[in-house]
Structures are given as structure tokens and as C-alpha cells.
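Residue-level listing of the chains:
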Amino acid sequence: MNTRAKRRLTHSEAIHFRINAGLLDRVQHAAVSQGMSVAEFARAALRAELSKVAA
């Protein structure tokens with residue numbers, strides 16, 4: 001049995017989760033539109049950001 005007390009999300013937590021869900025939805029859409037998996041898309045985006053920092 002789960003003994004951990006359940007609590008409701010605070011308003012700021014709810015906003016945070018909504019923003020993250022919206023961001024994930026946009027990332028998934030962008031990945032699919034380019035014929036990539038989300039993981040491939042994330043790796044490519046990270047590589048691009050790292051190359052900007054290194055430049």
C-alpha cells in the first residue's frame with residue numbers, strides 16, 4: 001500500500017507541467033515533420049547548441 005500522502009499541485013506546479021507538456025508536444029511535432037524520432041531530434045538540437053557554444 002502506498003503510504004505517501006497525496007497532495008494537489010500548487011498553481012505554479014500546474015503551470016510548469018502545462019508548459020512542459022506544450023513544449024513536448026511542439027518538439028514531437030517538429031521531430032515527426034522532419035522524419036526523426038524525438039531522441040534523434042533532441043540529439044541534433046543539442047549538437048547544434050553545443051557547436052554554437054564552441055564557436
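Our subject in this report is the structure included herewith. (Residues numbered from 1 in each chain as written. Predicted model: local features only at pLDDT ≥ 70, side-chain atom pairs only at ≥ 80, totals over all residues. Heavy atoms only, no water.)

By the element assignment, R18 lies in helix α1 (residues 11–33). Linking R18 and G35, residues 17 residues apart in sequence, is a C-alpha distance of 26 Å. (Helix = DSSP H or I, 4+ residues; strand = E, 2+ residues; numbered from the N terminus.)

Another aspect to go through is the pattern of salt bridges. The full count for this structure, using the stated rule, is 2 salt bridges. E13 is paired through a salt bridge with R7; the nearest N and O atoms lie 2.9 Å apart. Residue E49 pairs with K52 through a salt bridge whose shortest N-O separation is 3.0 Å. Here the residue E49 and the residue K52 both occupy positions in helix α2 (residues 38–54), the gap between them amounting to 3 residues, near one helical turn. The class for K52 is exposed, based on a relative accessible area of 56%. (Salt bridge = Lys/Arg side-chain N within 4 Å of Asp/Glu carboxyl O. Buried < 20%, exposed > 50% of the residue type's maximum accessible area, 1.4 Å probe, protein only.)

With that settled, consider α1. Helix length check: α1 (23 residues) gives 33 Å between terminal C-alpha atoms against 33 Å at 1.5 Å per residue, within 8%. Residue G35 follows α1 closely and has a positive phi angle near 70°. (Expected span 1.5 Å × (residues − 1).)

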